[in-house]
Amino acid sequence: MKVTENDVKVVASLSRLNIRDDEISDVIAQLDKFLTYVENLQAIDTEKIEPTTYPLPMQNIFRADEVKPSLNRELALSNAPLQEDGYFKVPRVLEE
Amino acid sequence: MNLYEKTAHELHELLTKKEISAVELTENIFSRIDEKESEIGAYITLTRDVAEKSARSVDEKISRGEKILPLEGIPCAIKDNICTKGIKTTCASKILANFVPPYDATAYKKLSAQNPVVLGKTNLDEFAMGGSTENSGFHVTKNPHDTTRVPGGSSGGSAAAVASGEAIFSLGSDTGGSIRQPASFCGVVGLKPTYGRVSRYGLVAYASSLDQIGPITRDVTDCANVLNAIAGHDEMDSTSTPANVPDFTKSLVADVKGLKIGLPKEYFVKGIDAEVEKSVRDAAKVFENLGAEIFEISLPHTEFAISTYYLIAPAEAATNLERYDGVSYGERIDGADVVDMMKNTRSKLFGEEVKRRIMIGNYALSAGYYDAYYLKALKVRTLIQKDFVDAFKNVDVILAPTAPTAAFKIGEMISNPLKMYLQDVFTVPLNLAGLPGISLPCGWTKNNLPIGFQLIGKALDEETILRAAFTYELQASSFKL
């Protein structure tokens, strides 16, 4: 199993991380080493095994659809790097 | 004995008898902090004003002749990934360096209802990713027993604070060993409750199916008292269990007669330090002498736990950490457009280990690799859990080392993350299976470093491990560890 340059670019983009061209070979080496490290799992026959996502039995939690007090807008925005008129402010998303 | 060396229940007695005041106690701890903190670095934020205010309110209550709760007026520290309304909560990450939560984590809120004196927020590996507290975005915490060594991690600040007298007890969080391993390295008691026992609401998520908040204390009695304060169902966390919460102090009974204790043979293998192995086996003998029955048991999938954990935890982390995008909180590094801004913010402000785990996680989750890595790990998780279910058909408690070694040197493993991951070999299986575990001291290496062992219980059976731990502690104190 060899990680390709394209894999790294795709995963970096999914991760919203910049990886400079001169870092790519290091990242490939790191991921390759990691995948070799976890390779031992492939030896286990898990064909008839169900996956476990939560350790204890979980069920859907239902509740009445009622409006309850929640964080007010001012508090919710209190940590925003930029805000305007009660909204989070981000760089322009749509073209003019 | 100095006040800062005492347990919470001893101090509670002194407060109740009016032999000391809460203000006096708080001042005592802060002067200890002033003395030790530059050397240890347990804290990210100190909250003197908040602390002094609650101490005064406790003293007023006592002077009115009112009864105080077990943790009332007791100085404590909170791991800095647990949200505290109005108090900066950084997760030891530059990306949250200025984050002031607008709400309290449920565990903190419940603890606050007992009116302890909150001294501050403790250091950790960034977003709880690490086993040494070296991955903090701010500073490295030192082990109080040897400042050239790590305190363990990720709750290294919480454990070091309790061990150095910079707090009487603390809250930590444990995703793969992050309460138990630092407790072991620092010579204190640390408990990871059953998954769902303590609400995760307001605990900044690392790996949601594994994270649990728990106590780090001087002794088992304090551990039971803190667990009493924080446990319980919470409708704000859909994974919190509706199971009844017993009074854990009722488990503080010295009796292990007929208790069946299993020693998993897979936990006593190559790689475990000889001094650690001897000390843990001696602990088992103590139980045997007290009337417990010791069995060798097998947890056959133990060797796969690290791989399983290091696929599942980063996958969940990659998803959980998507929210740090420079929009709703934290610092922002500008860019040409929205995506560029997000990339710049995350690349500059996340540390190396966090970025590594995000990349691993997204790789394991991405199209073409999902089945081979993430899904495979979830299936092996089933097998690891089944190992415990099978073992618990024959024993009541499992006894094992907490970590393969005592505290290692600062810098010793930082350049080799895969070797560092092996530190978690005895702790991650419990998180994968959702089981409770308590680490407590059982001896010293010849270099005077603490050694810890863990008692592992059935799901929702913290009571039995607390009883066993209490019994051991009482016996061990008689031969002065």
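For every chain, the first residue of the written sequence is number 1, and numbering continues from 1 along that sequence. For naming, the first written chain is A and the first written ligand is 1, with later ones following in the order written. Restriction of local features to residues with pLDDT of at least 70 applies here, the model being predicted, together with a cutoff of 80 or more for giving and counting side-chain atom pairs; totals for whole chains, interfaces and linings are based on all residues. No hydrogens and no water enter the side-chain calculation; it runs on all heavy atoms of the structure.

A.B. asks: Go over the overall build of chain A, please, and point to the residues and values.
C.D. replies: Helix numbers and strand numbers start at the N terminus; a helix is a DSSP run of H or I with at least 4 residues, a strand a run of E with at least 2. In terms of regular secondary structure, chain A is built from three helices and two strands. A globule of 96 residues ought to have a C-alpha radius of gyration of about 12 Å, yet chain A, at 23 Å, is considerably larger. For the C-alpha atoms alone, the extent of chain A along its principal axes is close to 55 × 45 × 25 Å. Throughout, a contact is declared for two residues whenever any of their heavy atoms are within 4.5 Å. A sequence separation of at least 24 residues applies to 27% of the contacts in chain A between residues at least 6 apart. Working definition of accessibility: Shrake-Rupley area with a 1.4 Å probe, residue cover restricted to the visible protein chains. Summed over its atoms, the accessible surface of chain A is roughly 7500 Å², and 51% of this surface lies on carbon and sulfur atoms. For the radius of gyration, the atoms used are the C-alpha atoms, and the globule rule reads 2.2 Å times the number of residues raised to 0.38.

A.B. asks: Residue-level account of unusual backbone geometry, with values.
C.D. replies: Residue and element names in this part refer to chain B. Residue Ser154 follows Gly153 across a cis peptide bond; omega there is 10°. Tracing the sequence through the fold places Ser154 in the loop between strand E3 (117–122) and helix H5 (156–164). Positive phi values are uncommon outside glycine, yet Asn448 reaches one of about 65°. Tracing the backbone shows Asn448 in the loop between strand E10 (437–444) and strand E11 (450–456).

A.B. asks: I'd like a rundown of the interface of chain A and chain B, residues and numbers included.
C.D. replies: If you look at the interface, chain A gives 50 residues, while chain B gives 63 residues. Accessible surface is computed with a 1.4 Å probe, and the buried area is the amount of it that two parts give up when combined, taken over both parts together. Taking both partners together, chain A and chain B bury about 5100 Å²; carbon and sulfur atoms supply 67% of that area. A per-residue breakdown of the area chain A buries against chain B is headed by Arg16(A), Tyr37(A) and Asn79(A), which together make up 13% of the total. Here a salt bridge means any side-chain nitrogen of Lys or Arg lying within 4 Å of a carboxyl oxygen belonging to Asp or Glu. Counting every contact that joins chain A to chain B gives one salt bridge. In this structure, Lys68(A) and Glu235(B) form a salt bridge, with 3.6 Å as the shortest nitrogen-oxygen distance. Nitrogen and oxygen atoms within 3.5 Å of one another constitute a polar contact, given that in protein one can donate a hydrogen and the other can accept it, and given that sequence-neighbouring residues count only through two side-chain atoms. Run the count over chain A and chain B and you get 22 residue pairs in polar contact (both at pLDDT 80 or more).

A.B. asks: Can you tell me about the nonpolar core, naming the residues and giving the values?
C.D. replies: All names here are of chain B. For our purposes a nonpolar core is just a set of buried Ala, Val, Leu, Ile, Met, Phe, Trp, Tyr and Cys residues, chained together by side-chain atoms within 4.5 Å. Note on classification: 1.4 Å probe, protein chains only; a residue is buried when its accessible area is under 20% of the maximum for its type, exposed when over 50%, partly exposed between these limits. In terms of nonpolar packing, the biggest core is built from 160 residues, with Phe127, Phe287, Phe388, Ile438, Phe453 and Leu455 touching the most fellow members. The element that contributes the greatest number of residues to this core is helix H9 (residues 305–320), accounting for 10 residues. What Phe127 contacts, discounting residues up to four positions off in sequence, is Cys91, Ser93, Ile95, Leu96, Val204, Tyr206, Leu321, Tyr324, Phe350 and Val354.

The quantities given are spatial measurements derived from coordinates; they are silent on function.
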